[in-house]
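# Coordinate inspection notes
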Amino acid sequence: MLTNPFTKPAAKPASKPGTKPFKGGAQSRLSRFLQSDLWWSLRHDYVAMGASIVLLVVVLLAVFAPWIATQNPYDLAQLDLLNAELPPFWVDGADPQFLLGTDTQGRDVWSAILYGSRMSLVIGLATVVLSLAIGLMVGLAAGYFGGWVDNALMRLGDTLLSIPTILVAILVTAVFRQLLPPGLRETLSAVILILAISMTNWVQYARTVRASALVERGKEYVQAARLIRVSPMRIMLTHILPNTLTPVMVTATLNLGLAILIEATLSFLGVGMPPTEPSLGTLIRLGNQFLFSGQWWVVVFPALYLSLIVLVVNLLGDWLRDALNPRLR
């Protein structure tokens, strides 16, 4: 039987519902990330790769501190004064059980560093999240509405930036501690620190988002959304916000190390975490009292660990800034 060469071939039957196609399909987020330019840039930047590995190890040590640490430095029942003032394991008179020595209370320095890094990382990360949330809302409102809204919000940010962050944090911490009952002051110390540091850190995010929102609000897709009467909140969250996240991610990464340093500074000054729940800054403050008595390890090792965390975070921030910059591609 002859067939007409000009007729279209019969369509193939559709696949049964529920069956997966042989090729294509939606890829998982992990596979898309592994095929992205960001992952390629990270793999070919040995400094950033090394910093990410070190940061991952630090985070894992902090998370699994109860299973890794020799003792719980918060539990007084586990402390023994007979083990006080022991030097690190390579110094004569050391106990191999305590790798980095002990302090005047018999507390293992290595265990205190692990537990203290947990507190420092939690406070730093929570501060960045809270500051980012406030900065995004303020920056989007200022950039989208403009006018007196922009002037009022930005002048408020300029006023806060004119005061040093440490002074604002000390003032806020002192006010909160006076208002709270004595029984809640140590319990809510971490919350007070997060609020105090976030009081000024949100301004940087607000300025970054405002600058991007001012550019995006004049583009065609925003004007089209306005013509079909899309609500301003939806325009800001679904249209403008995704296009402002690239510089915000870089700012957040760099500010994580800054937030950890501010918390350590406040704790070193005595207005941060209490000795019963020490952070790295509290450990440095307590160890500084015995620095000139020969117990150098009590202050040196927490200070080095804090410097390591801030260094690797800043290195990752620098890499992320270069990797997301289209001019450097």
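The name recorded for the chain in an unreviewed UniProt entry is Glutathione transport system permease protein GsiD, from Achromobacter kerstersii. Quoted verbatim from the Sequence similarities (unreviewed entry) heading of the UniProt record, the comment on the chain is "Belongs to the binding-protein-dependent transport system permease family." Regarding the chain, the relevant UniProt record gives this comment under Subcellular location (unreviewed entry): "Cell membrane".

When helices and strands are counted, the chain shows 14 helices and zero strands. Along the chain, from the amino end to the carboxyl end, the secondary structure elements read α-α-α-α-α-α-α-α-α-α-α-α-α-α. By the burial criterion, 39% of the 329 residues in the chain qualify as buried. Expressed as a percentage of contacts within the chain between residues at least 6 apart in sequence, the contacts between residues at least 24 apart total 71%. Surface exposure of the chain reaches about 19200 Å², of which carbon and sulfur atoms provide 66%.

Okay, the pattern of salt bridges next. Side chains that carry opposite charge are capable of pairing whenever their charged atoms lie near each other. Taken as a whole and judged by the stated rule, the model has six salt bridges. A salt bridge links Glu-216 to Lys-219, with the nearest nitrogen and oxygen atoms 3.2 Å apart. Given the relative accessible area of 9%, Glu-216 is considered buried. Taken together, the shared-partner salt bridges connect Arg-155, Asp-158 and Arg-207 into one network.

Residues annotated in UniProt with the feature "transmembrane region" (unreviewed entry) correspond here to residues 46-69, 121-147, 159-176 and 296-320. This span, residues 296-320, is 96% helix and 0% strand, and a straight line between its end C-alpha atoms measures 36 Å.

It is worth spelling out the confidence of the model for the chain at this point. Across the chain, pLDDT averages 81, with 88% of residues at or above 70. Scored below 50 in pLDDT, residues 5-26 makes zero contacts in the model with residues more than four places away or belonging to other chains.

Side chains of Leu-56, Val-59, Leu-60, Val-63, Phe-64, Trp-67 and Ile-68 sit close together on the surface and give an oily, nonpolar patch of about 690 Å² of accessible area. Per-element accounting of the nonpolar patch gives the leading share, four residues, to helix 3 (residues 46-63).

By the element assignment, Asn-288 lies in helix 13 (residues 280-288). By relative accessible area, Asn-288 is classed as partly exposed at 34%. Spatially, the C-alpha atom of Asn-288 lies 7.7 Å from that of Val-298, the residues being 10 residues apart in sequence. The residues touching Asn-288, leaving out its near neighbours within four places in the chain, are Phe-268 and Val-299.

Quick look at helix 12 (residues 245-269) now. If you check helix 12, its first and last C-alpha atoms are 35 Å apart, about what 25 residues at 1.5 Å a residue would give, namely 36 Å. At Asn-255, helix 12 shows its largest bend, some 30°. Remark: Gly-270 follows helix 12 within two positions and exhibits a positive phi of approximately 95°.

With that settled, the discussion passes to the packing of aromatic side chains. The tally for this structure, following the rule as stated, stands at seven aromatic pairs. Ring centres 6.1 Å apart and planes at 85° place the aromatic pair Trp-90 and Phe-301 in the edge-to-face group. Remark: Phe-301 occurs in helix 14 (residues 297-323) and Trp-90 occurs in the loop between helix 4 (65-68) and helix 5 (109-145); sequence separation between them is 211 residues. On the basis of relative accessibility, which here comes to 14%, the residue Phe-301 falls in the buried class. Between the aromatic rings of Trp-296 and Trp-297, the centroid separation amounts to 5.7 Å while the plane-to-plane angle is 80°, which identifies the pairing as edge-to-face. Assessed through its relative accessible area of 33%, Trp-296 is described here as partly exposed. The structure contains a cluster of three or more aromatic residues connected by ring pairs, namely Phe-89, Trp-90, Trp-296, Trp-297 and Phe-301.

Each value, and the rule that gives it
- The residue count restarts for each chain, going from 1 along the sequence in the order it is written.
- In keeping with the predicted nature of the model, local features appear solely for residues at pLDDT of at least 70, side-chain atom pairs appear and are counted solely at 80 or more, and the whole-chain, interface and lining totals rest on all residues.
- To get the side-chain values, take all heavy atoms of the structure and skip hydrogens and water.
- UniProt positions are given in the numbering used here, feature names are shortened, and annotations may be inferred rather than shown by experiment.
- Secondary structure is summarised from DSSP: a helix means a run of H or I of at least four residues, a strand means a run of E of at least two, and numbering begins at the N terminus for each.
- Buried, partly exposed and exposed residues are distinguished by accessible area as a fraction of the type maximum, computed with a 1.4 Å probe on protein chains only: under 20%, between the cut-offs, and over 50%, respectively.
- Here, residues are in contact when the closest pair of their heavy atoms is within 4.5 Å.
- The method behind every accessible area is Shrake-Rupley, applied with a 1.4 Å probe, and residues are considered shielded solely by the protein chains displayed.
- Here, a salt bridge means any side-chain nitrogen of Lys or Arg that lies within 4 Å of a carboxyl oxygen of Asp or Glu.
- Per-residue confidence from the predictor is reported as pLDDT, a score between 0 and 100.
- Patch construction takes residues with relative accessible area above 30% that form no salt bridge. Like charges are linked within 9 Å, and nonpolar side chains (Val, Leu, Ile, Met, Phe, Trp, Tyr) are linked within 5 Å.
- In a helix, the anticipated span is given by 1.5 Å times the number of residues less one.
- Here the bend at a residue is taken as the angle between two axes, fitted respectively to the seven residues that end there and the seven that start there.
- Ring pairs shown here join Phe, Tyr and Trp side chains whose ring centres sit within 6.5 Å, with only the six-membered ring taken for Trp; geometry is labelled stacked below 30 degrees between planes, edge-to-face above 60, and tilted in between.

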